[in-house]
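The chain contents come next:
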Amino acid sequence: MKISDVVAFMGHQVHVCRYREAGTLLSWMGRDLRGRRVLDVAGGDGYWAGQARRRGADAVSIDLARGKMVYGRTLANAPALIECDALRLPFADASFDAILSVCAIEHFDDGGKSLDEMARVLKPGGEIFMSADVLSRADAWPKLRDAHKAKYHVQHTYTHGSLGKLMDERGLDLVRHSYQFRTAATERLYLSLSTYGGKVGFNAAAPLAPLVALADRSAPNERGSIVLIHARKRPV
């Protein structure tokens, strides 16, 4: 294994939430993706699209961060990496079977426009697997909230309800959802790590991931820091 793959593994999978977050979305997508064309929207270095490729998908990852994509081309199982804007996808209508997007929509100025484009390039019956910042209780800690939004350029936050409404308007039906960091204590942990620890903090807190997952299982699936969404495009 190349050093770049080790670094990517540590960055993406040794993480207090990303492995469980993206791993859940990929598990919803399925273990056998042979014959399916998958698009990762704002996929950075393409690591998670690469995991879909490992499962047999014809995977494409798009982003505007050229440096990340140059790095991504050095990884094993690298998908096709295309530099483009998520609000103006350079693909034909109905050209993908599934779309993956890991905590990206909250960074877009116009989340609705990004969903317009995802719905356009998705085949009828195709599926979207995405996550987004919710920060349900963030108003209780305004300094942490504002620092998180500024540091990670969070333009909007979403719930499964607000995303479901936007998707319904674009011919997409919500299939299921799941919140992560559901309790007040774990939400504060999430915001504290993002504010004071950054990426290093999220990685260093990876041993806490099982405890967060346990807390989530015991709390209602109604709110949290991150929401995971599975939606399906209506047949024509």
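Right above here is the structure, for reference.
All of these numbers come straight from a predicted model, not from anything done at the bench.

Peer 1: Whenever I open this one, helix α2 (residues 18–29) confuses me. Can you help?
Peer 2: Since the α-helix packs 3.6 residues into each turn, any two residues three or four apart lie on the same face. Relative to the 16 Å expected for 12 residues at 1.5 Å per residue, α2 spans 16 Å between its end C-alpha atoms, a close match to the ideal helical length. Those residues of α2 that sit buried are Glu21, Ala22, Leu25, Leu26, Trp28 and Met29. Buried residues of α2, viewed axially, fall in a sector of 160°; they line one side. The inward-facing, buried residues of α2 abut β1 (37–41), α3 (47–54), β4 (96–101), β5 (122–133), β6 (172–180) and β7 (226–233). Trailing α2 by a residue or two, Gly30 shows a phi angle of about 120°, which is positive.

Peer 1: What should I look at first to understand the sheet that holds β1 in this one?
Peer 2: Through backbone hydrogen bonds, the strands of a sheet pair up, either in parallel or in antiparallel fashion. Spatially, seven strands are ordered β3-β2-β1-β4-β5-β7-β6 in an open sheet, and the strand pairing comes out mixed. The open sheet has two edge strands with one neighbour each: β3 (80–83) and β6. On average, adjacent strands in this sheet sit at an angle of 15° to one another, irrespective of strand direction.

Peer 1: What am I meant to see in the packing of α2 against α3 here?
Peer 2: The geometry of α2 relative to α3 is characterised by a closest axis approach of 11 Å and an angle of 40° between their N-to-C directions. As summarised for this structure, α2 and α3 are arranged oblique, according to the angle between their axes. In this structure, the crossing between α2 and α3 has a hand that is right-handed. Along the contact surface, α2 presents Arg18, Tyr19, Ala22 and Leu26, while α3 presents Trp48, Gln51 and Ala52. Considering only residue class, the contact of α2 with α3 consists of five nonpolar, one polar and one charged.

Peer 1: Mind showing me how you'd approach the pattern of salt bridges here?
Peer 2: Inspection of the entire model under this criterion finds 19 salt bridges. Here Asp146 ties to Arg145 by a salt bridge, and the two come within 2.8 Å at their closest N and O atoms. Residue Arg170 pairs with Glu169 through a salt bridge whose shortest N-O separation is 3.4 Å. Arg170 sits in the partly exposed class, given a relative accessible area of 22%. Judged by relative accessible area, Glu169 falls into the partly exposed class, the value being 47%. Residues participating in the shared-partner salt-bridge network are Asp116, Lys165, Glu169 and Arg170.

Peer 1: Even after reading the chapter, I still don't get the environment of His12, so can you show me in this structure?
Peer 2: Looking at the element boundaries, His12 is found in helix α1 (residues 3–12). When the C-alpha positions of His12 and Thr24 are compared, they lie 14 Å apart, and in sequence the two are 12 residues distant. Polar side-chain contacts of His12 include one of 3.0 Å to the side chain of Asp45.

Peer 1: For this particular structure, what's the right way to read a nonpolar patch on the surface?
Peer 2: Taken together, Ile3, Val6, Val7, Phe9, Met10 and Tyr71 make up a surface patch of nonpolar side chains, about 540 Å² in accessible area. Of all the elements, α1 adds the most residues to the nonpolar patch, at five residues. Inspection of the secondary structure assignment puts Val6 in helix α1.

Peer 1: Can you walk me through the environment of Arg137 in this structure?
Peer 2: The topology assignment puts Arg137 in the loop between β5 and α6 (142–151). Here Arg137 falls in the buried class, since its relative accessible area comes to 16%. Along the chain, Arg137 and Arg182 lie 45 residues apart, while their C-alpha atoms are 9.6 Å from each other. Not counting chain neighbours up to four residues away, the residues in contact with Arg137 comprise Arg182, Thr183, Ala184, Glu187 and Arg223. A polar contact is formed between the side chain of Arg137 and the backbone oxygen of Arg182, at a distance of 2.8 Å.

Calculation notes
- Residues numbered from 1 in each chain as written.
- Predicted model: local features only at pLDDT ≥ 70, side-chain atom pairs only at ≥ 80, totals over all residues.
- Heavy atoms only, no water.
- Helix = DSSP H or I, 4+ residues; strand = E, 2+ residues; numbered from the N terminus.
- Expected span 1.5 Å × (residues − 1).
- Buried < 20%, exposed > 50% of the residue type's maximum accessible area, 1.4 Å probe, protein only.
- Arc of directions from axis to C-beta.
- Contact = heavy atoms within 4.5 Å.
- Pairing = 2+ DSSP bridges.
- Axes fitted to C-alpha atoms, helices over the stretch in contact; angles between N-to-C directions.
- Parallel < 35°, antiparallel > 145°, perpendicular 65-115°, else oblique.
- Left-handed = near helix turned anticlockwise from the far one by under 90°.
- Nonpolar A, V, L, I, M, F, W, Y, C, P; charged D, E, K, R; others polar.
- Salt bridge = Lys/Arg side-chain N within 4 Å of Asp/Glu carboxyl O.
- Polar contact = N/O pair within 3.5 Å; in protein donor to acceptor, adjacent residues only side chain to side chain.
- Patch = residues over 30% accessible without salt bridge, like charges linked within 9 Å, V, L, I, M, F, W, Y side chains within 5 Å.
- Areas by Shrake-Rupley, 256 points an atom, 1.4 Å probe, with all protein chains shown as cover.

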